[in-house]
Amino acid sequence: EDQKKRAICVVGELTPQEFSQLQNSDDHVLTVIKWIVREMSYQIMSGKLLIGPPIASRVYQELSNGMLAFSMAKIKIATVPFPFPFAQVLSYALYAFYVLCPFIILEIMDQGEPTMFGRIGIPLLMNFTTCTGYGAVNEIAIELEEPFGFDANDYPVHCQQTMIVRAMEDTYFASAPRDFTIGHFAGVPCSPSGPIPESPEQADSGV
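Fair warning: this is a prediction, and the values are worked out from it, not measured in the lab. (Residues numbered from 1 in each chain as written. Predicted model: local features only at pLDDT ≥ 70, side-chain atom pairs only at ≥ 80, totals over all residues. Heavy atoms only, no water.)

> Help me out: how do you make sense of the overall build of the protein chain in this one?
A tally of regular secondary structure across the protein chain gives 8 helices and 2 strands. Along its sequence from the N terminus, the protein chain presents helices and strands in the succession α-α-α-α-α-α-α-β-β-α. Here the protein chain holds 207 residues, and the buried ones make up 12% of them. Accessible surface, the protein chain as shown: approximately 16900 Å² in total, 66% of it carbon and sulfur. (Helix = DSSP H or I, 4+ residues; strand = E, 2+ residues; numbered from the N terminus. Buried < 20%, exposed > 50% of the residue type's maximum accessible area, 1.4 Å probe, protein only. Areas by Shrake-Rupley, 256 points an atom, 1.4 Å probe, with all protein chains shown as cover.)

So, in structure tokens, the structure goes:
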């Protein structure tokens, strides 16, 4: 079940040569982009892909933009780690805050409260809320440091890739309806051979 959640949806099946090239390549995405660009260039130069040069250049541009965005996410977010000394300093600073925060709150709240709740309860509640808030912010920062993967809080890249593949399949295999006629604009149901009769009498009379 876990493998099904991590599965990557592709169009069709991989050929043995494609599978071998992906296994031997260091950058799988760049390899697939190379396949797409080479195939498009071959089809355009051989005259089999009959599209205008502006549209073809826009396709190349979108492929380049997608590869640029992937490279930026891979290099700046996934590959380059958060500086380890900075993370250690933040951790020690957070521990120091946990130790000093109760004394600071007691010093601020020591205003001669007459009740036990005012002298102890309110400072304890404020200390717990403050320390918990800073600890939660630190944990959120740790999760945001590595957003990609298959954990519960990670960004579901495989789900987005599946949606893109499904949209490509719908675009390629869907065809325009052939039963649409001019009568649909006037609210008259029509068939390809003519208007659909509303009653048997109209059908017999040819109306």
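> So what exactly am I meant to see when it comes to the pattern of salt bridges here?
Between side chains of opposite charge, a pair can form when the charged atoms approach closely. The full count for this structure, using the stated rule, is 2 salt bridges. Of the charged contacts in the structure, one is a salt bridge between Arg 58 and Glu 62, with a shortest N-O distance of 3.0 Å. Of this pair, Arg 58 and Glu 62 both sit in helix α4 (residues 53–79), 4 residues apart, roughly one helical turn. Of the residues examined, Arg 58 reaches a relative accessible area of 49% and is grouped as partly exposed. A salt bridge links Glu 169 to Arg 166, with the nearest nitrogen and oxygen atoms 3.3 Å apart. With Glu 169 and Arg 166 both in helix α7 (residues 157–173), this residue pair falls 3 residues apart, about one helical turn. (Salt bridge = Lys/Arg side-chain N within 4 Å of Asp/Glu carboxyl O.)

> How should the packing of aromatic side chains be read in this particular structure?
The way to describe two aromatic rings as a pair is by their centre distance and the angle between their planes. Evaluated as defined, the whole model comprises 3 aromatic pairs. Centroid distance Phe 97 to Tyr 134: 4.6 Å. Interplanar angle 55°. Geometry classified as tilted. Of this pair, Phe 97 sits in helix α5 (residues 84–109) while Tyr 134 sits in helix α6 (residues 116–145), placing them 37 residues apart in sequence. Residue classification places Tyr 134 among the partly exposed positions, given a relative accessible area of 48%. With a centroid separation of 5.0 Å and an interplanar angle of 90°, the aromatic rings of Tyr 172 and Phe 173 are classed as edge-to-face. Accessibility classification places Tyr 172 together with Phe 173 in one group, the exposed group. (Phe/Tyr/Trp six-rings, centres within 6.5 Å; stacked < 30°, edge-to-face > 60°.)

> What's the story with the state of the cysteines in this structure? I'm lost.
Each disulfide is one covalent bond, formed between the sulfur atoms of two cysteines. This structure, assessed with the given rule, holds 0 disulfides. This cysteine, Cys 101, is not joined by any disulfide, and Cys 131 carries the nearest cysteine sulfur, 4.1 Å off. Looking at Cys 101, the relative accessible area reads 5%, which means it is buried. (Disulfide = S-S within 2.5 Å.)

> What am I meant to see in a negative patch on the surface here?
A cluster of acidic side chains, namely Glu 139, Glu 143, Glu 145, Glu 146 and Asp 151, defines a negative patch on the protein surface. Tracing the backbone shows Glu 145 in helix α6. (Patch = residues over 30% accessible without salt bridge, like charges linked within 9 Å, V, L, I, M, F, W, Y side chains within 5 Å. Lys, Arg positive; Asp, Glu negative; His and termini not counted. Charge placed at Lys NZ, Arg CZ, Asp CG, Glu CD.)

> What is the right way to read the environment of Ser 25 from this model?
Among the structural elements, Ser 25 can be located in the loop between α2 (16–24) and α3 (28–45). Of note is the side chain of Ser 25, whose polar atom sits 3.1 Å from the backbone oxygen of Leu 22. (Polar contact = N/O pair within 3.5 Å; in protein donor to acceptor, adjacent residues only side chain to side chain.)

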